[in-house]
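Architecture at a glance
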Amino acid sequence: MTGGGIQRSSANQMSFDERRSIRKSFSQELNELGPADDEPLKLTQKIPKRYIVAALAFLGFCNIYALRVNLSIALVAMTDNETAIVTGSVIHVSEFKWSKKVQGYVLSSFFWGYIITQLPGGYLATKYGGKNLFGGGVVLTAILALISPPSARVNEKFFITIRILQGLCEGVTYPAIHAVWSKWAPPLERTKLATFAFAGSYVGTVIAMPLSGVIADRIGWPWIFYIFGLLAIGWFILWCVFVSESPAKHRSISTAELEYIQVSIGYSPLQIQNQKPPIKSILLSMPVWAIVVAHFTENWGFYTLLTELPTYLKDFIRFDLYSAGFVAALPYFLMAIVVMLGGQLADYIRSKGLLKTTPTRKLFTGIAFIGQAAFMIATSYCTSKESSVACLTLAVGIGGLAWSGFSVNHLDIAPQFAGLLMGITNTIATIPGIASPIITGEVIPHKVIYLLDIQ
C-alpha cells in the first residue's frame, strides 16, 4: 500500500543490516544472552521472549475458540430429546424446546456483538496497545460463560443477550493480537509467529468439541461453560505475568533480542505512538479490499461448518452426540497442523528469496480456496460416513493455508496500523458468522434426520 503515510514493509525491501539482523541464528542469540555478572541462565531467560508471547497467544486463542464453539455441542445437548418415565409411561423430552429458527439465532447472536467491536478494538489497539485489550477480551468472555447456564434457564432472550456480550468482548481480540505482533514480530518471522498463535483457535476447537461432548454426556451441559470459563481465567493470570506491551517494556528481555526485534522491524513504539491512521488511504487501498474479500470468503465456509457441523453429523450422518463431538474435531485438528506448517513454509520461501512476499501470500490463499471448494463440492456427492467425514476434514484442513496468506497480510502492508486493518477486515468478515446460521435455520426450518441413506 502506498501513499497516505502508510509504510509498506517486506523482507525484499530491507537493508543489508536488517537482513543480517533478521538472519541471526538462534544459537547466536543464546550466546549473547546472560547477565553481566555471568550468573547461570534460568530456563525462562534462555527462551526468547517473543516465543513466550507466541506460546501464550496460542493458548489465548485456544480459550477464545473453546468459549466460542462449545455452544455448538452444548446446544445439541440442551435441545436433544431425553428419555423420561412419567406416570409409568416412557416419553421423550428436551430441556429447551427451541425451534431450529431459534437455535439459528442463538448460534449467530455471538457474532452480533463480535462485529461491533472490531473497529473500536482496532483503533484502541493501535492507540494504546494490544496486550491488555487481548487479555481483557478473553477474561470478560470467560466470566460471561460462567453465567450462561442460569441465563439459558431464564429464557432464550436472556441467553442470547449473554452471547451478544461475549461477542462484544471477543471482538477486540484479533485486532489486539495484530497490534502485539506489530511490536514483537520481526518481518521474516511474522508468518510463523502469527500463524502459530492463530493455530490455537483450531487446537481450542479440537479440544472443546470432543471434550464438550464428554462433559455433556457425563456431568451435564452446564459444566461445558463452567469448565472452559475457569480455564480461560487461569490463562489470563499467566498472560498478565509473562507478557508485556512491547519488547522495550519487558522486564527480563535480553539486549540481544531487544535490538534484534527493533532493528528488524525498523521502528519503535515510541516513534509511532502519535501517528494518526491514514483512514482515506486505507479505505481507497486495493490491497486492503483484496484482504477484505479473502477474509469474508474464508469465514463464510469456516463459520458455517463451525456452528452447524455437530448438528449435521448427528442428524444427517447419524453420529450420536458423544461421537459427533470427536468427529467434528477432526477437521480442526488437521487445520491446526496445516496452519502451523504453512506459516513455517511461507517464511522459508520468503527468507530464501524463492518468492517475494506478495506472490507468497497469493499462492497460499489461492491453494486454500481452490482446495476447499473442491472438497466441499465432493462432500455433496458422498454416499458413506467415511467419505463424507474425509472430504469435510480435507476441506477445512486445507483452508489453513489461507492463514499464511491474507491473515498476516495486514502486517506486510502497514505493520504500524495492523490492528486497525484487522479490525476493518474482520468487521466485514464477521457478517458470515451472523448470516450463515440464520440462513441455515431458514433453509432447514425443521430437524431433518436420515435424509439420505448414508451407510
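All residue numbers refer to position in the chain's written sequence, counted from 1. Totals for whole chains, interfaces and linings use all residues, but because this is a predicted model, local features are given only for residues with pLDDT of at least 70 and pairs of side-chain atoms are given and counted only at 80 or more. Heavy atoms from the whole structure form the basis of all side-chain values; hydrogens and water molecules are not counted.

Basically, it comes down to this: UniProt positions are given in the numbering used here, feature names are shortened, and annotations may be inferred rather than shown by experiment.
The name given to the protein chain in an unreviewed UniProt entry is Sialin, with the source organism recorded as Dimorphilus gyrociliatus. Under the UniProt heading Function (unreviewed entry), the entry covering the protein chain gives this text: "Receptor for CM101, a polysaccharide produced by group B Streptococcus with antipathoangiogenic properties."

Observations concerning the overall build of the protein chain
The following threshold applies: Per the convention used, a helix needs a DSSP run of H or I reaching at least four residues, while a strand needs a run of E reaching at least two, with both numbered from the N terminus. In this scheme, a residue with accessible area under 20% of its type's maximum is buried, one over 50% is exposed, and one in between is partly exposed, where area comes from a 1.4 Å probe on protein chains only. A contact between two residues is defined here by any heavy atoms of the two lying within 4.5 Å. The Shrake-Rupley method, run with a 1.4 Å probe sphere, supplies the accessible areas, and residue values consider only the shown protein chains as cover.
A count of helical and extended segments in the protein chain gives 22 helices and two strands. Per-residue burial over the protein chain gives 56% buried out of 455 residues. Within the protein chain, contacts between residues at least 6 apart in sequence are counted, and of these 82% link residues at least 24 apart. Working note: accessible area of the protein chain is about 19,400 Å², and carbon and sulfur atoms make up 66% of it.

A word on the environment of Tyr332
Structurally, the position occupied by Tyr332 is in helix α17 (residues 321–351). Looking at Tyr332, the relative accessible area reads 0%, which means it is buried. Separated by 64 residues in the primary sequence, Tyr332 and Val396 have C-alpha atoms spaced 6.9 Å apart. The contact partners of Tyr332, leaving out residues within four places of it in the chain, are Tyr202, Thr205, Val206, Met209, Phe302, Leu305, Leu306, Leu309 and Val396.

Things to note about the pattern of salt bridges
Basically, it comes down to this: Any carboxyl oxygen of Asp or Glu within 4 Å of a side-chain nitrogen of Lys or Arg constitutes a salt bridge here.
One pass over the full model with this rule turns up seven salt bridges. Across the pair Glu245 and Lys183 runs a salt bridge, and its minimum N-O distance is 3.3 Å. Taken as a pair, Glu245 in the loop between α12 (222–242) and α13 (255–265) and Lys183 in helix α10 (residues 173–184) lie far apart in primary sequence, 62 residues in all. With relative accessibility at 11%, the residue Glu245 sits in the buried group. A salt bridge links Asp412 to Arg361, with the shortest nitrogen-to-oxygen separation between them at 2.6 Å. Here the residue Asp412 occupies a position in helix α20 (residues 409–413), and Arg361 occupies one in helix α18 (residues 357–379), the gap between them amounting to 51 residues. Given the relative accessible area of 3%, Asp412 is considered buried. On the basis of relative accessibility, which here comes to 3%, the residue Arg361 falls in the buried class.

Concerning the packing of aromatic side chains
Threshold: Each pair of aromatic rings taken from Phe, Tyr and Trp, with Trp reduced to its six-membered ring, is defined by centres within 6.5 Å and is described as stacked if the planes are under 30 degrees apart, edge-to-face if over 60, and tilted in the remaining cases. Working rule: Lys NZ or Arg CZ, within 6 Å of ring centre, within 35 degrees of ring normal, means a charge sits over the ring.
Scanning the model with the defined rule gives 28 aromatic pairs in all. An angle of 80° between the planes, with centres 5.2 Å apart, marks the rings of Phe110 and Phe111 as edge-to-face. Over the ring of Tyr51 we find Arg50, and its NZ or CZ is 4.8 Å from the ring centre. Arg68 extends its terminal NZ or CZ atom over the ring of Tyr65, reaching a point 4.3 Å from the ring centre.

Some words on the nonpolar core
One recurring pattern in soluble globular proteins is that nonpolar side chains are buried together. Condition: Definition used in this section: a nonpolar core is a set of buried Ala, Val, Leu, Ile, Met, Phe, Trp, Tyr and Cys residues joined via side-chain atoms within 4.5 Å.
Ile177, Trp181, Trp221 and Tyr332 are the most contacted members of the largest nonpolar core, which totals 86 residues. Element by element, the count of residues in this core is highest for helix α4 (residues 49–79), at 19 residues. Discounting residues that sit within four places of it in the chain, Ile177 has contacts with Ala57, Phe61, Phe134, Phe198 and Trp239. Formed by 18 residues, the second largest nonpolar core is a distinct cluster that contains Ile291, Val338, Ile349 and Ala402.

A look at a nonpolar patch on the surface
How we decide: Candidate patch residues must exceed 30% relative accessible area and have no salt bridge, after which like charges are joined if within 9 Å and Val, Leu, Ile, Met, Phe, Trp or Tyr side chains if within 5 Å.
On the surface, Leu345, Tyr348, Leu354, Leu355, Leu363 and Ile367 cluster together into a nonpolar patch covering about 540 Å² of accessible area. Elements with a contribution of two residues or more to the nonpolar patch: α17 and α18. Tracing the backbone shows Tyr348 in helix α17. What makes Tyr348 partly exposed here is its relative accessible area of 46%.

Quick look at the packing of α10 against helix α11 (residues 190–218)
The criterion, for reference: Here an axis means a line fitted to C-alpha atoms, over the contact stretch when the element is a helix, while the angle between two N-to-C directions is reported on a 0 to 180 degree scale. Orientation categories follow fixed angle ranges, with anything under 35 degrees roughly parallel, anything over 145 roughly antiparallel, 65 to 115 roughly perpendicular, and all other angles oblique. For any pair of crossing helices, the crossing counts as left-handed if the nearer helix is rotated counterclockwise from the farther one by less than a right angle, and right-handed if it is rotated clockwise. In the scheme used here, Gly and all other residues not listed as nonpolar or charged are polar, with Ala, Val, Leu, Ile, Met, Phe, Trp, Tyr, Cys and Pro taken as nonpolar and Asp, Glu, Lys and Arg as charged.
α11 packs onto α10 with a crossing angle of 155° between their chain directions and a minimal axis gap of 11 Å. By the criterion of interaxial angle, the relationship of α10 to α11 is roughly antiparallel. Pair α10 / α11 crosses with right-handed handedness. Facing α10, whose interface residues are Tyr174, Ile177, His178 and Trp181, α11 presents Leu193, Ala194, Ala197, Phe198 and Ser201. In terms of residue class, the contact of α10 with α11 is made up of seven nonpolar, two polar and no charged.

Details of the environment of Val139
Here Val139 lies in helix α7 (residues 131–146). Sequence separation of Val139 and Leu231 is 92 residues, and the distance between their C-alpha atoms is 9.8 Å.

Here's the deal with the side chain of Thr360
In plain terms, the rule: Each polar contact in these results corresponds to two N or O atoms within 3.5 Å; when the atoms are within protein, one needs to be able to donate a hydrogen and the other to accept it, and residues that are neighboring in sequence are counted only if both atoms are side-chain atoms.
By the secondary structure assignment, Thr360 is in helix α18. Since its relative accessible area comes to 0%, Thr360 is described here as buried. Engagement of the side chain of Thr360 in a polar contact is seen with the backbone oxygen of Lys356, the distance being 2.8 Å. Discounting chain neighbours no more than four positions away, the residues touching Thr360 are Ala346, Ile349, Arg350 and Leu355.

Some remarks on α13
In plain terms, the rule: Here the arc refers to the directions that run from the helix axis out to each C-beta atom.
All of the buried residues in α13 are Ala256, Glu257, Tyr260, Ile261, Ser264 and Ile265. The buried residues of α13 occupy one face: seen down the axis, they fall within an arc of 145°.

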